[in-house]
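Observations on the three-dimensional arrangement
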Amino acid sequence: MLILFGRYTGTVKDSGFWWVNPFTVKKHVTLRIRNFNSERLKVNDLHGNPIEIATVIVWRVVDSARAIFDVQNYEQFVAIQVKQQFVQWHQNIRMTFDDEKPSLRGTPQEIAENLKNTLQTRLEVAGVEIMNRELAT
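So, here's what we can say about the structure. (Residues numbered from 1 in each chain as written. Predicted model: local features only at pLDDT ≥ 70, side-chain atom pairs only at ≥ 80, totals over all residues. Heavy atoms only, no water.)

Regarding the side chain of glutamine 120
Operational definition: Starting at the N terminus, helices and strands are each numbered in turn, a helix being any DSSP run of H or I of at least four residues and a strand any DSSP run of E of at least two. Throughout this description, a polar contact denotes any pair of N or O atoms lying within 3.5 Å of each other; where both atoms belong to protein, one of them has to be capable of donating a hydrogen while the other can accept it, and for residues adjacent in sequence the pair is counted only when both atoms sit in side chains. In this description, contact between two residues means that some pair of their heavy atoms is separated by no more than 4.5 Å.
Of note, glutamine 120 is situated in helix H3 (residues 108-123). One polar contact links the side chain of glutamine 120 to the main-chain amide nitrogen of isoleucine 130, over a distance of 2.7 Å. Ignoring sequence-local partners within four residues, the contact set of glutamine 120 consists of Val128, Glu129 and Ile130.

Focus on the pairing of strand E2 (residues 7-10)
Quick note on the threshold: Only strands joined by at least two bridges in the DSSP assignment are considered to pair.
Across three bridges, the pairing between strand E1 (residues 2-4) and E2 is antiparallel. Counted as the bridge partner of isoleucine 3 is tyrosine 8 from E2. Here E1 hands over to E2 after two residues, with phenylalanine 5 in that stretch at a positive phi of 55°.

Quick word on the sheet that holds strand E3 (residues 24-26)
Across a sheet, strands are paired by hydrogen bonds formed along the backbone, either parallel or antiparallel in direction. Here is the rule we go by: The axes are straight lines fitted to the C-alpha atoms, using for helices just the contacting stretch, and the angles between their N-to-C directions are given from 0 to 180°.
Strands sit in the order E2-E1-E3 across an open sheet of three strands; the sheet is antiparallel. Among the strands making up the open sheet, the edge pair consists of E2 and E3. When the angles between neighbouring strand axes are averaged without regard to direction, this sheet yields 35°. Relative to E3, E1 runs antiparallel, the two sharing three bridges. Within the sheet, the bridge partner assigned to leucine 4 lies in E3 and is threonine 24.

A few points about the pattern of salt bridges
What counts, and what does not: By definition, a salt bridge exists where a carboxyl oxygen of Asp or Glu is found within 4 Å of a side-chain nitrogen of Lys or Arg. The rule is simple: take the accessible area with a 1.4 Å probe, protein chains only, and divide by the maximum for that residue type; under 20% is buried, over 50% is exposed, in between is partly exposed.
Counted according to the given criterion, the structure contains three salt bridges. A salt bridge links glutamate 129 to arginine 60, with the shortest nitrogen-to-oxygen separation between them at 3.0 Å. With glutamate 129 in strand E7 (residues 128-136) and arginine 60 in strand E6 (residues 50-61), this residue pair connects regions lying 69 residues apart in the sequence. By relative accessible area, arginine 60 is classed as partly exposed at 29%.

Without other data, these values stay purely geometric and don't point to any function.
Here it is in structure tokens:
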């Protein structure tokens, strides 16, 4: 990412030798795929039985300008958003086989997809894309 006198001038994504204005500030943002492993949370199901749940989020930066300018630290922003959404989300988990309501035992993929969609809307601010998510019990 290139910044000239405080203005965003562009992003170089291609490899090779590039000449840029010597007054340009270069900020490196990796576009590699990364993992975020949440800590295990101990929650109770509807019957009061304790269970431990965790999630793994696979993400990457798709817009380096938004990652640098729209949030203070995009890596920390991802970690905070995943933790916050996961803690709020776990309160709605049900461990029953009730067909009418989504449950962790009956429809784990549906619950994981809902978590992914909620997180994706929150992380679009930082130019981050969630590629995959997994739940573990």
